Amino acid sequence: GVLVVAGGASDGAAAALAATQLASVLGWAVIADAASGLRAGAGDPDSFCPYLVNAADLSLCSSKMRAFFKPDVIVQINPRLTSKRVQTALETAALDHGAAWAVVTPQESRADPAHCVSLHVSADAATVAAALAEALQAKYAYRESTNFISCASFRDALLAADAAASREARRALRDLENEEGITEMGVALAVADFLPKSMGLFLGNSMPIRDVDALAGVSKVFRSHDSKSDFSDETSVVFGPGAPTAANRGASGIDGVLSAAAGYAAGLGRPVTLLVGDVSFQHDANGLLLLRERPGQPPVTVVVVNNGGGGIFSFLPVSEQIDQARFTKLFATPPDVSRRGLCEAHRVAHAHPSTPEALKKALDAAWSEGRHSVVEVTTSRARNLAQHGLLQRRVAETVDAALALGERFGDERMSLRGSESDSEKDEDIVVRWPKSSPRAVARATVSRFALPMLREPTTTVKPSSSGSERDDTSNGEDLNDARRTNENDDSSSRETHKEQGERVGYILEVRLANGAVGRGEASPLPGLHRETAEEAGAQLRVVASLLESTEIPDTLPLLGGAINEWLVNVVGVRVVDTLLPSVRFAVESAALAALCASANRNETETEQKFLLADALEKGAAHAASFSSSSDDTFSDSTRNTHQRAVEINALIASCDGDTPLSAATEAKRLVKQGYSCLKIKVARGVGAAGAALDADRVEAIREAVGPDVTLRCDANRGWSLNDALTFGLRVTDLNLQYVEEPVRDVENDLAAFHCTTGVPVALDESVDEVFAKCFSKSDTQTSTSVADALEELFEPTFGVVALVLKPSLIGGFEACSLAAAAARTKGVNAVVTTAFESGVGVAACAHLAGGLDAA
């Protein structure tokens, strides 16, 4: 079942409260209209409406959601819905799938535009809610029935998809604002979600009410307190039932809107914010007379979206059927009037912010000053259509992915929907399900391990004048080198490992109620990670204790904030940024691995295992994608092992005594073993002579392996600009894929290196520093978005073609996905690397690389 709370009620506040009570009784998903009084504004946290689906309109852009949305019963309170998609989905459920549809309105007027309502109850919502509560709770033991279990499963699937849709909508809006500035959708979201608790909302017709209906509430689902994460820019209060909300609807809906809002404020006896378009504003310019200071008149804040005419007509076919000149004159009808001049003539305060930040400041000022005011925002009518299309595509892709993951990982209760035989449908069957979900964490344990270091790491951390930073010679990719040492001189390695020390780390094992097991590793590397192994182990044990009895959601592989929400809302990690990067990597790895293992438990030995990389393909791969929606689904029968292969580069280290001949010999040996990509450590020598020797080695390697083997070099910031140029000018004809961090002073010298040599560049330490800076607790300045900080690294003169991502150093899968998505928008590749982890950590990195490759 689904509970629909529409607008148009004469007793809006009472109906909203009754709907909240009914939602608690039914336990169904709640689809609330923008004018319902449930979604917009702060409202009263004590009367929170549970199970709200905030992005229903956007989610129904997904063809998979339209196919999935088949409720058996629809209970609708109030007569009028704004969203055509929601209305169509409800009508389809009733007409094509036989859903019973009951509509409750206090009036006897018809509320059935498609002639498919089964029952029209003419009564106030409170009376109906009380009657249903008594019947369900006292007579039918409803919550113990299979009907409720089926409804709860349907609800949970809708809420999971809605959470994913909300996250993607926020990210899409943030991306649009970063690229294009203020948007109409951003204005609607700012007004709807940041409206003060003591204020009412009046919605203008056309685009304002539709944008609020599509977006209101998407920022209210999650907050990591005091967090600086890119995924935690939302408000912090649990909302509902919401601000009193009203709207003029109908053929003459754009007439008299300012006057109606002023009257609405007088009737409420509280301040009101009106969101209105420029044409509607112009049609009731005389309404400004009512906004002069008057004793006892509650203030009205008018937010005018000035998009140069009727923006909604750009969404209609007529916009493409006639020339633009006639379209503008006959349909858009841009009002050629100064709104500032009108406000000055009526002595009403006027503001005209031009950026999202300025808009929030203008709204805060208008709401706090307690006087009538007009806030005008100029947007692009032409771009508005494209922006809506982009956001809808991104949300649709995300919802497709969320439903696919739910189908793969969803628990057995979903199979009950529609599974009863005809003879059983009318029986009151009671099934008592286990208290714990199959995906609940039955046990989480932490084990310490110590492994011999086969070679001394070249990683050090030393303090600098500006704080604690990694040394220029830091290196996190000698894992293959360590293995090769073992292959070449096993006895020597065993004799010297005590001198080199031990690698200490911790394994988190998560065992689910269905028996599935996942493991993650936290093993900070001294000199590379800022935390110690002991610190990581202590924190990992605390998180393990929190994990027990929690449920792992099937949408976790979507990333993009899904893991953050789970850690805060389910696991109980109050401030996610306090998690050490290596601990976060271990927790994410273990949870995701356990989830994927649970999908394999019922498969036969001949069926291929469902890999974590497959799940991440539906998560990391779709993140921030600007492509059209894909119909790809999970299909083990069409997925072969070789399709999920991840290319690995072999490492050729730079050691004392290395010569071009020895380097070339090693390269040929590695290529013979099957490696098609070689990474060569450089910048271990001294000055220009050392750089020249490195160039000699690379030349010898290229000559030895031929032109088809990919060559990468890694300098780890070991060169001055002059030394880097000595190397770079020698290798311009060797077709290097890139050189990692060729100069010590990236900000001042990287552009000079690339522009002089033309050699492509990859960034490694620079990425680590971006994440460390953005999440640093010692930073007292305003937190910087990771995406914004990474943007500075994509300066065209830098020649960056790849970001090198260490999941255990920058904080796990979600952080890597964020960096990869930011890079992807600039045509920059992402390369996943390890930091001397054991096989547990390396396997997790390989799966992440596979998921990112699918992007």
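Here the structure is a predicted model, which means the values were calculated and not measured.

Novice: How should I be thinking about the overall build of the protein in this particular structure?
Specialist: Along its length, the protein carries 30 helices and 24 strands. Buried residues in the protein amount to 56% of all 855 residues. Taking contacts inside the protein between residues at least 6 apart in sequence as the whole, the part at least 24 apart equals 78%. Put simply, the protein shows about 35,000 Å² of open surface, and 50% of that area lies on carbon and sulfur atoms.

Novice: What is the right way to read the packing of helix α6 (residues 146–180) against helix α15 (residues 381–409) from this model?
Specialist: A packed helix pair is summarised by two numbers, namely the angle formed by the two axes and the spacing between the axes. Direction vectors running N to C along α6 and α15 enclose 145°, while the axes themselves pass 9 Å from each other. Pair α6 / α15 crosses with right-handed handedness. In this structure, α6 contributes A161, A164, A165, E168, A169, R171, A172, L173, D175, L176 and E180 to the contact, and α15 contributes R383, Q387, L390, L391, R394, V395, T398, V399, A402 and L403.

Novice: Please explain the side chain of S36 as it appears in this structure.
Specialist: Relative to the elements of secondary structure, S36 occurs in the loop between β2 (29–32) and β3 (52–53). One polar contact links the side chain of S36 to the main-chain carbonyl oxygen of D33, over a distance of 2.7 Å. Within the local environment of S36, its side chain forms a polar contact with the backbone nitrogen of L38, the two atoms lying 3.2 Å apart.

Novice: Whenever I open this one, the pairing of strand β19 (residues 677–681) confuses me. Can you help?
Specialist: Looking along a regular strand, one sees side chains alternate from face to face of the sheet. For β19, a buried count of five out of five residues is recorded, marking the element as mostly surrounded by other parts of the structure. Neither face of β19 is exposed, since C677, K679 and K681 on one face and L678 and I680 on the opposite face are all buried. Here strand β18 (residues 650–652) pairs with β19 via three bridges, running parallel. Looking at β19, one finds that I652 is bridged to I680. Here β19 runs beside strand β20 (residues 710–714); their pairing, made up of five bridges, is parallel. Each residue of the ladder has a partner; that of I680, found in β20, is C713. Handedness of the β-α-β unit built from β19, helix α23 (residues 687–705) and β20 comes out right-handed.

Novice: Just checking my understanding: could you explain unusual backbone geometry for this structure?
Specialist: Although it is not a glycine, H115 sits at a positive phi angle of roughly 60°. Within the secondary structure layout, H115 lies in the loop between β5 (100–105) and β6 (119–122). We note that R717 has phi near 60°; this positive angle belongs to a residue other than glycine. Topologically, R717 is positioned in the loop between β20 and α24 (721–730). You can call R717 buried: its relative accessible area is 8%.

Novice: I would appreciate a short explanation of the environment of Q282 in the present structure.
Specialist: When you line up the elements, Q282 lands in helix α10 (residues 278–283). Considered as a pair, Q282 and P334 are 52 residues apart in the sequence and their alpha carbons are 9.8 Å apart. Setting aside its immediate chain neighbours within four residues, Q282 contacts P335, V337 and L342.

Novice: Would you mind going over the environment of L528 with me for this structure?
Specialist: Take L528: it is sitting in the loop between β17 (517–522) and α18 (533–547). For L528, a relative accessible area of 1% translates into the label buried. Note: C-alpha distance between L528 and E765 (237 residues apart in sequence) is 9.9 Å.

Novice: Can you help me understand helix α8 (residues 207–215) in this one?
Specialist: Counted residue by residue, α8 has eight buried out of nine residues, so it is predominantly covered. Taken together, the buried positions of α8 are M207, P208, I209, D211, V212, D213, A214 and L215. Directly after α8, the chain includes G217, whose backbone phi takes a positive value near 95°.

Novice: Mind showing me how you'd approach the sheet that holds β17 here?
Specialist: Pairing in this open sheet of three strands is antiparallel, and the strands run β13-β16-β17 from one edge to the other. The open sheet terminates on both sides in strands that have one partner only, identified here as β13 (441–452) and β17. Averaged over all neighbouring strand pairs, the angle between strand axes comes to 20°, with direction disregarded. Of the pairings in the sheet, the one linking β13 to strand β16 (residues 502–512) comprises eleven bridges and is antiparallel in character. Directly across from V441, in β16, lies its bridge partner L512. Packed onto the sheet, α18 meets β13, β16 and β17 and runs at close to 5° relative to β16.

Basis of the calculations
- Residues numbered from 1 in each chain as written.
- Predicted model: local features only at pLDDT ≥ 70, side-chain atom pairs only at ≥ 80, totals over all residues.
- Heavy atoms only, no water.
- Helix = DSSP H or I, 4+ residues; strand = E, 2+ residues; numbered from the N terminus.
- Buried < 20%, exposed > 50% of the residue type's maximum accessible area, 1.4 Å probe, protein only.
- Contact = heavy atoms within 4.5 Å.
- Areas by Shrake-Rupley, 256 points an atom, 1.4 Å probe, with all protein chains shown as cover.
- Axes fitted to C-alpha atoms, helices over the stretch in contact; angles between N-to-C directions.
- Left-handed = near helix turned anticlockwise from the far one by under 90°.
- Polar contact = N/O pair within 3.5 Å; in protein donor to acceptor, adjacent residues only side chain to side chain.
- Pairing = 2+ DSSP bridges.
- Right-handed = clockwise from strand over helix to strand, strands pointing away.

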